[in-house]
Amino acid sequence: MFKFILMIKKIKQLLKTNSLISITSFNSLSVFFRLVSGFILSKAIAYFLLPQGMALTGNLRSFLISCQGISSSGAQNGVIKYTAENKFDKKALKKIISTSFFLVLFFTLIVSLVLIVFSKYFSALVFGNNDLARFIKILAYMLPLFTVNTLILSIVNGLGKYKKIIFINTIGYILNVIIIIPLLYYYNLEGAIVAIISVPSFLFFVTLFWVKDVKMIVVNISISNFSREYFNGLSSFIIMAVFTALTIPIAHVLIKNHIIDTIGLKEAGYWEAMIKISQYYLMFVMSLFSLYLLPKLSENTTNQGFKTILLQFYKIILPILILGFVIIYVLRYWIIRISLTQDFLPTQELFFWQLIGDFFKIISFAIAFQLQAKKMLFWYLFGELFYVLIVYFLSIYFIDMFQVKGAVIGHAISYVCYFVLMLFIFRKPLLIKTDS
């Protein structure tokens with residue numbers, strides 16, 4: 001009995017002293033709700049819209065990521081970094097909040113205006129015709145709520161209040177199910193489109209109600225607090241975010257459109273289903289990058305500290321990751337049958353290369369976050385361009401050779417190359433000796 005009590009005390013002490021384990025433990029609850037909601041939504045989309053509808057909603061999500069990324073103008077990672085560095089300096093916080101708010105407002109208005117003016121063009125790009133242009137306009141009107149919510153949560157994240165972030169994300173997953181399922185049932189594809197566009201913006205009202213820091217943030221917004229110093233600092237993150245938002249999601253849309261044109265809409269649906277499954281099993285690890293890695297790397301100032309943070313992350317995450325990937329591959333048939341429908345069984349052939357690519361994606365992203373934390377703009381843009389060009393041309397090449405499987409082969413090889421690039425960029429800090 002005494003040994004058991006002693007063990008419980010040691011576990012509690014470990015959770016207090018190791019923030020990664022603490023965040024990981026609490027984040028598990030959010031991941032559970034996202035998995036459940038993701039399972040329900042994937043099943044519903046697969047049942048009502050079939051692989052063809054899965055492909056079109058996937059295009060919409062990729063386009064949505066681009067619009068949200070540009071409109072938020074890099075606020076998320078930039079504000080997390082500067083807030084984490086200055087969370088005890090009230091004067092600096094006022095400047096960070098005001099500067100980022102007016103930047104976000106400026107970019108949001110531009111993106112919304114472009115979406116309204118060119119709604120038919122974007123409808124053709126995303127849906128293959130301009131009959132759904134009205135939904136692009138709805139997106140334009142919803143964007144301001146999304147970007148303001150992103151800014152608020154970025155500040156809260158930088159302050160280290162990760163539990164609030166996780167809670168609001170959990171509410172978002174539940175809202176997804178509550179809103180999308182009825183709209184999907186009554187209005188089919190159009191209902192799904194409205195829900196996908198609107199749910200991220202509805203989270204603004206959840207944040208307004210739940211986060212007490214909103215009042216502090218609103219009070220500190222003033223044009224007089226706009227800072228050229230932080231504008232210059234955020235400009236690197238703006239360029240990073242806009243570049244990423246204009247390249248990677250659009251590259252995925254172009255690859256998917258190539259599959260639709262050369263093989264078929266159904267096969268594009270298989271690839272989109274694989275991407276959705278990948279997002280669900282990666283969500284646990286990927287969510288830790290912004291919650292844990294970026295604030296830690298932003299606060300760190302030494303090469304030795306960078307390597308120590310990275311090795312600690314690998315030590316805790318990689319064993320879980322490898323075991324999880326093996327289980328996913330073995331159970332891939334049942335994952336498809338349970339989460340989708342029998343129509344998606346050909347997706348089994350895509351798992352191996354997708355898992356290889358996702359493994360290298362995680363280990364390379366853990367290193368690459370240092371590029372954002374330390375504003376290494378040249379290497380960040382070079383790395384993103386390097387990846388986009390490789391994944392696009394390799395995917396097109398292998399799709400023409402191996403049909404839809406070529407897309408996941410291109411995905412795997414691209415992230416292996418990206419990982420090698422990260423090792424080259426950070427070869428000096430990674431080779432430094434660390435204290436035991």
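Above this text is the structure in question.
Residues numbered from 1 in each chain as written. Predicted model: local features only at pLDDT ≥ 70, side-chain atom pairs only at ≥ 80, totals over all residues. Heavy atoms only, no water.

K.L.:
Kindly report on the overall build of the protein, identifying the contributing residues and their values.
P.N.:
Per the secondary structure count, the protein includes 16 helices and zero strands. For 436 residues, the compact-globule estimate of 2.2 N^0.38 gives 22 Å, and the protein sits close to it at 22 Å. Along the first, second and third principal axes, the C-alpha set of the protein runs to 55 × 55 × 45 Å. Here the contacts in the protein between residues at least 6 apart in sequence split such that 82% fall between residues at least 24 apart. When the accessible surface of the protein is totalled, it reaches about 20400 Å², and 69% of it is carbon and sulfur. (Helix = DSSP H or I, 4+ residues; strand = E, 2+ residues; numbered from the N terminus. Rg over C-alpha atoms; globule rule 2.2 N^0.38 Å. Contact = heavy atoms within 4.5 Å. Areas by Shrake-Rupley, 256 points an atom, 1.4 Å probe, with all protein chains shown as cover.)

K.L.:
I'd love a proper account of the packing of helix 5 (residues 119-127) against helix 6 (residues 133-158), names of residues and values included.
P.N.:
It is at 8 Å that the axes of helix 5 and helix 6 come closest, and there the two elements cross at 110 degrees. By the angle between their directions, the pair helix 5 and helix 6 is classed as roughly perpendicular. Taking contact as the criterion, the partners of Ser-119, Lys-120, Phe-122, Ser-123 and Phe-127 in helix 5 are, on helix 6, Ala-133, Ile-136 and Lys-137. Counted by class, the contact of helix 5 with helix 6 contains four nonpolar, two polar and two charged residues. (Axes fitted to C-alpha atoms, helices over the stretch in contact; angles between N-to-C directions. Parallel < 35°, antiparallel > 145°, perpendicular 65-115°, else oblique. Nonpolar A, V, L, I, M, F, W, Y, C, P; charged D, E, K, R; others polar.)

K.L.:
Break down the nonpolar core for me, with residues and values.
P.N.:
By size, the foremost hydrophobic cluster in this structure holds 126 residues, and its most contacted members are Leu-115, Phe-313, Ile-367 and Met-422. The residues touching Met-422, leaving out its near neighbours within four places in the chain, are Ser-364, Ile-367, Ala-368 and Leu-371. (Core = buried A, V, L, I, M, F, W, Y, C linked by side-chain atoms within 4.5 Å. Buried < 20%, exposed > 50% of the residue type's maximum accessible area, 1.4 Å probe, protein only.)

K.L.:
An account of the packing of aromatic side chains is requested, with residue identities and associated values reported.
P.N.:
With the rule as written, the count across this model stands at 31 aromatic pairs. Members of the aromatic cluster, connected to one another through ring pairs, are Phe-378, Trp-379, Phe-382, Phe-386 and Phe-424. Here Arg-332 stacks its cationic end above the ring of Tyr-329, 4.1 Å away from the centre of that ring. Looking at Arg-427, its charged tip hangs above the ring of Phe-424, at a distance of 4.3 Å from the centre. (Phe/Tyr/Trp six-rings, centres within 6.5 Å; stacked < 30°, edge-to-face > 60°. Lys NZ or Arg CZ within 6 Å of the ring centre and 35° of its normal.)

K.L.:
Before we move on, could you go through unusual backbone geometry and cite the residues and values that matter?
P.N.:
In the Ramachandran plot, Leu-50 falls in the positive-phi region, its phi being about 65 degrees despite a non-glycine side chain. On the secondary structure map, Leu-50 appears in helix 2 (residues 19-71). Look at Leu-50 and you get partly exposed, because its relative accessible area is 35%. The phi dihedral of Gln-403 is positive, around 65 degrees, even though this residue is not glycine. The residue Gln-403 is located in the loop between helix 14 (377-402) and helix 15 (405-425) in this model.

K.L.:
How would you sum up the pattern of salt bridges? Please name residues and give values.
P.N.:
With the rule as written, the count across this model stands at two salt bridges. Among the salt bridges present, the one from Arg-134 reaches Glu-190, with a minimum N-O distance of 2.9 Å. Of this pair, Arg-134 sits in helix 6 while Glu-190 sits in helix 7 (residues 162-210), and the two are 56 residues apart along the sequence. We classify Arg-134 as partly exposed; its relative accessible area is 40%. (Salt bridge = Lys/Arg side-chain N within 4 Å of Asp/Glu carboxyl O.)

K.L.:
How would you sum up the environment of Tyr-380? Please name residues and give values.
P.N.:
Tracing the backbone shows Tyr-380 in helix 14. When the C-alpha positions of Tyr-380 and Met-240 are compared, they lie 7.1 Å apart, and in sequence the two are 140 residues distant. Non-local contacts of Tyr-380, meaning those with residues more than four positions away in its chain, are made with Met-240, Thr-244, Leu-371 and Gln-372.

K.L.:
Describe the side chain of Thr-99, and please don't skip the residues or the numbers.
P.N.:
Counting through the fold element by element, Thr-99 comes out in helix 4 (residues 90-117). Among the polar contacts listed, one links the side chain of Thr-99 to the backbone nitrogen of Ser-227, at a separation of 2.9 Å. When sequence neighbours within four positions are dropped, the list of residues in contact with Thr-99 reads Asn-225, Phe-226, Ser-227, Tyr-230, Phe-231 and Leu-234. (Polar contact = N/O pair within 3.5 Å; in protein donor to acceptor, adjacent residues only side chain to side chain.)

K.L.:
Quick rundown of the side chain of His-411? Include the residues and the values.
P.N.:
Structurally, His-411 is set in helix 15. Of the residues examined, His-411 reaches a relative accessible area of 11% and is grouped as buried. A distance of 3.4 Å separates polar atoms of two side chains, one belonging to His-411 and the other to Gln-354. Among the polar contacts made by the side chain of His-411, one reaches the side chain of Asp-358 at a distance of 3.0 Å. Beyond its immediate sequence surroundings of up to four residues, His-411 is in contact with Trp-353, Gln-354, Gly-357, Asp-358, Val-391 and Ser-395.

K.L.:
How would you explain helix 6 if you had to name every residue and give the values?
P.N.:
A turn of α-helix holds 3.6 residues, and therefore any two residues three or four places apart point the same way. Taking 1.5 Å per residue, 26 residues should reach 38 Å; helix 6 reaches 37 Å between its end C-alpha atoms and fits that length. The largest bend in helix 6 amounts to roughly 40 degrees and is located at Met-142, with the proline Pro-144 lying one to four residues further along. Within helix 6, 19 of the 26 residues are buried, which leaves the element mostly enclosed by the surrounding structure. Of the residues trailing helix 6, Gly-160 is marked for its positive phi of about 85 degrees. (Expected span 1.5 Å × (residues − 1). Bend = angle between axes of the 7 residues up to and from the residue.)

K.L.:
How would you sum up the environment of Met-142? Please name residues and give values.
P.N.:
Among the structural elements, Met-142 can be located in helix 6. When its relative accessible area of 16% is taken as the criterion, Met-142 is described as buried. The spatial distance from the C-alpha of Met-142 to the C-alpha of Tyr-415 is 34 Å, given a sequence separation of 273 residues. Look past the residues within four positions of Met-142 in its chain and what remains in contact with it is Ile-197, Ser-198, Ser-201 and Phe-202.

K.L.:
Explain the environment of Ile-338 residue by residue, including any values.
P.N.:
Tracing the chain through its elements places Ile-338 in helix 12 (residues 332-339). Here Ile-338 falls in the partly exposed class, since its relative accessible area comes to 47%.

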